[in-house]
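Observations on chain architecture
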Amino acid sequence: MPLDRRLTLSAALLAVVAGVVPATAAHAAASPFAAPAAQTSAAPAPKPDMEAVTQALKNTTAVGAPGAMVRITGSGAPLTSAIGVQDRTTGAAMDLNGRFRIGSVTKTFSSVVLLQLVDEGKISLDAPVNQYLPGLLPDDRITVRHLMTHRSGLSDYTNAMFDKTVPGFEAVRNKVFTYQELVALSLREPRTAEPGVSYQYSNTNFVVVGMLIEKATGHGVAAEYDKRIIKPLKLKNTSYVHPSTEIKGAHLHGYLHPDEAGAPLVDSTEQTVSWAQSAGAMISNTADLNTFTSALLGGKLLKPRMLDAMLTMTPTDAANSRFYGLGLRRYDLSCGTSVYGHTGTVQGFYTYAFATRDGKRSLAAVANTSNKGEANTALGGTLEGAFCGKKTPAAGPAAAPSQRGFALLPALTAAPAEQDLPERGSR
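Residues numbered from 1 in each chain as written. Predicted model: local features only at pLDDT ≥ 70, side-chain atom pairs only at ≥ 80, totals over all residues. Heavy atoms only, no water.

Side note on empty space enclosed by the protein
Within this structure, the stated rule accounts for two cavities of 30 Å³ or more. Here the largest cavity is characterised by a volume of approximately 110 Å³. What lines the largest cavity is a set of 13 residues, among which Thr165, Leu256, Asn371, Leu421 and Pro422 lie closest to the centre. Only helix H7 (165-172) and strand S10 (338-346) provide two or more residues apiece to the lining of the largest cavity. A class-by-class count of the residues in the lining of the largest cavity yields six nonpolar, five polar and two charged. (1 Å grid on protein atoms, 1.4 Å probe; cavity = no way out; pocket = protein on both sides within 12 Å on 5 of 7 lines; lining within 4 Å. Points joined across faces, edges and corners; volume = space filled by probe spheres on them. Helix = DSSP H or I, 4+ residues; strand = E, 2+ residues; numbered from the N terminus. Nonpolar A, V, L, I, M, F, W, Y, C, P; charged D, E, K, R; others polar.)

Structure, rendered in structure tokens:
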């Protein structure tokens, strides 16, 4: 399964603006894989092109998502757009304040907590994982840094777990795993590479990160998220409720696409997400995700040396347009701007949560579906409009008309978006 493919961008969304503040400092120079620093710009980011952003949301629903919405900060009052429904049974429109499962955006929360522990001297990034969790892993060369950069070589257990998407989900929907059980599932499979050799995205890595947090603090990850991030930032709609299946308060329903073309969508809203835990089980809403990403990139959660470490990036695609740091992605957009954050996939939801390097502009976007790669790719199209602004469309093939009465931007469906879980759906 390809793990890293370039996010395809529509010609209609291209723009030319200056870049943002450089990504990193000392650590970048030390790594042969470190990403080139983004260019510095004194000019403010252009005004978001909300027409293009809304078109990306329409593209998302056109290819299978019941609903999609976005919230953008950093250009005056928050800018929002929503398309479609949050509940297919009642027909209720998407609620911009509604909560949803954020999937692998949880990894960035986990990374912040762990890096705070590094700063406190409780964990070392370059120490073997087995130093803290004796005998857990079969290789003493695997370090904490290897986990957080997805360079451990540990197999992703979700590949086998969700080989058949809906049956796999139903088998774990209400199941409660221990961390050790999830690691054991990974160790049944061959390792993907030697430690440190190559980037291979694996949820196993951040299961072990959760174990490290709990070992170092003596507390569950929920308590540490709450103490270190949720309460300081006053994130009133963000929680980690594992193993409860409920999303409390106003929330979106999530819908899982079966692998079989034409099969009915599965309402996957209620689940333990125990198969992911510290790799993907958090709940939030768009406003809280804006606050979180802006605070992180703005230096409010980590001291400078820890933020520099987090922002030391290695390429994850051949085109060098995508990178991964310590639990954080970087996407280089068509206009030269780099944005930092994470994508999220959990059954029924796709999420994008990104901000500029200075944290002054942020985007949170969600679609209430999954196992539908075209919808994930289309949702990612919101990044260009949000961060690059408006540009006159370049000459090219006319957009194909959709069955819903608006033009699909053809490039947005040319290739799948980056995957945090296996995509098995019929294409």
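Let's pick the thread back up.
Brief notes about the side chain of Glu384
Mapped onto the elements, Glu384 comes out in helix H14 (residues 382-388). There is a polar contact of 2.4 Å between the side chain of Glu384 and the side chain of Ser334. (Polar contact = N/O pair within 3.5 Å; in protein donor to acceptor, adjacent residues only side chain to side chain.)

Topic: the sheet that holds strand S9 (residues 329-332)
With antiparallel pairing, eight strands are arranged side by side in an open sheet as S2-S1-S12-S11-S10-S9-S8-S7. Two strands close off the open sheet at either side, each with one partner strand: strand S2 (79-84) and strand S7 (314-315). (Pairing = 2+ DSSP bridges.)

Focus on the side chain of Asn371
Secondary-structure assignment places Asn371 in the loop between strand S13 (369-370) and helix H13 (373-380). A distance of 3.4 Å separates the side chain of Asn371 from the side chain of Thr165, its partner in a polar contact.

Examining the pairing of strand S1 (residues 67-73)
Across the seven residues that make up S1, a large majority, seven, are buried. Every second residue of S1 is oriented toward a common face, with Gly67, Met69, Arg71 and Thr73 on one face and Ala68, Val70 and Ile72 on the other, all of them buried. As paired elements, S1 and S2 share six bridges and run antiparallel to each other. Looking at the pairing, Ile72 lines up with Leu79 of S2. Once S1 ends, the chain turns through five residues before running back antiparallel as S2, passing Gly74 with a positive phi of about 105°. Both S1 and strand S12 (residues 362-367) contribute to a ladder of six bridges, which runs antiparallel. Note that in S12 the partner of Met69 across the bridge is Val366. (Buried < 20%, exposed > 50% of the residue type's maximum accessible area, 1.4 Å probe, protein only.)

Some words on the state of the cysteines
Each disulfide is one covalent bond, formed between the sulfur atoms of two cysteines. Taken as a whole and judged by the stated rule, the model has one disulfide. Linked covalently through their sulfurs, Cys335 and Cys388 form a disulfide whose S-S length is 2.0 Å. On the S-S bond that ties Cys335 to Cys388, the torsion sits near -70°, and the link is left-handed. Residue Cys335 is located in the loop between S9 and S10, and its partner Cys388 is located in helix H14; the two are separated by 53 residues in the primary sequence. Both residues of the pair, Cys335 and Cys388, count as buried. (Disulfide = S-S within 2.5 Å.)

Here's the deal with the packing of helix H9 (residues 203-217) against helix H10 (residues 221-233)
It is the contact of H9 with H10, at a shortest axis distance of 9 Å, that shows an interaxial angle of 80°. Between H9 and H10, the interaxial angle falls into the category roughly perpendicular. Taken together, the residues of H10 that come into contact with H9 (itself represented by Gly210, Ile213, Glu214 and Thr217) are Val221, Glu224 and Arg228. Of the residues in the contact of H9 with H10, the class split is two nonpolar, two polar and three charged. (Axes fitted to C-alpha atoms, helices over the stretch in contact; angles between N-to-C directions. Parallel < 35°, antiparallel > 145°, perpendicular 65-115°, else oblique. Contact = heavy atoms within 4.5 Å.)

A word on the pairing of S12
Of all six residues in S12, six are buried, a share of seventy percent or more. Going residue by residue along S12, you find Ser362, Ala364 and Val366 tucked away on one face and Leu363, Ala365 and Ala367 tucked away on the opposite face as well. Sheet topology note: the strand S11 (residues 349-356)/S12 ladder contains six bridges and is antiparallel. Its bridge partner lying in S12, Thr351 is registered against Val366. Taking the residues that link successive antiparallel strands as the turn, the S11-S12 hairpin has five residues, and the phi of Gly359 there is positive, at about 75°.

What to know about the nonpolar core
Of all hydrophobic cores here, the largest spans 81 residues; its most connected members are Phe109, Leu114 and Trp275. If near-sequence neighbours (up to four positions away) are discounted, Trp275 is found in contact with Tyr157, Thr158, Met161, Phe162, Val172, Phe177, Leu182, Val346, Gln347 and Leu421. One finds Val53, Ile72, Val339 and Cys388 within the second-largest nonpolar core, a separate group that totals 26 residues. (Core = buried A, V, L, I, M, F, W, Y, C linked by side-chain atoms within 4.5 Å.)

Concerning the pattern of salt bridges
What the rule picks out here adds up to 18 salt bridges. As a salt-bridge pair, Asp139 and Arg141 come within 2.8 Å of each other at their nearest N and O atoms. Overall, the relative accessible area of 7% leaves Asp139 in the buried class. A salt bridge links Arg329 to Asp420; the nearest nitrogen and oxygen atoms lie 2.7 Å apart. On the criterion of sequence distance, the pair formed by Arg329 in strand S9 and Asp420 in the segment after H14 is long-range, its members being 91 residues apart. With a relative accessible area of 0%, Arg329 lands in the buried category. Within this structure, Glu120, Lys122, Glu224, Lys227 and Arg228 form a network of salt bridges that share partners. (Salt bridge = Lys/Arg side-chain N within 4 Å of Asp/Glu carboxyl O.)

What about the sheet that holds strand S4 (residues 255-256)?
Strands pair in a sheet through their backbones, by hydrogen bonds, and they do so in one of two ways: parallel or antiparallel. Strand order in the open sheet formed by three strands is S5-S4-S13, with mixed pairing between adjacent strands. The open sheet is flanked by strand S5 (266-267) and S13, the only strands paired with a single partner. Pairing between S4 and S13: two bridges, direction parallel. The residue bridging Leu256 from the neighbouring strand is Ser370, located in S13.

Details of helix H3 (residues 106-119)
The first and last C-alpha atoms of H3 sit 20 Å apart over 14 residues, in line with the 20 Å expected at 1.5 Å per residue. Within H3, 13 of the 14 residues are buried, which leaves it mostly tucked inside the rest of the structure. In the segment just after H3, Gly121 is the residue with positive phi, at about 80°. (Expected span 1.5 Å × (residues − 1).)

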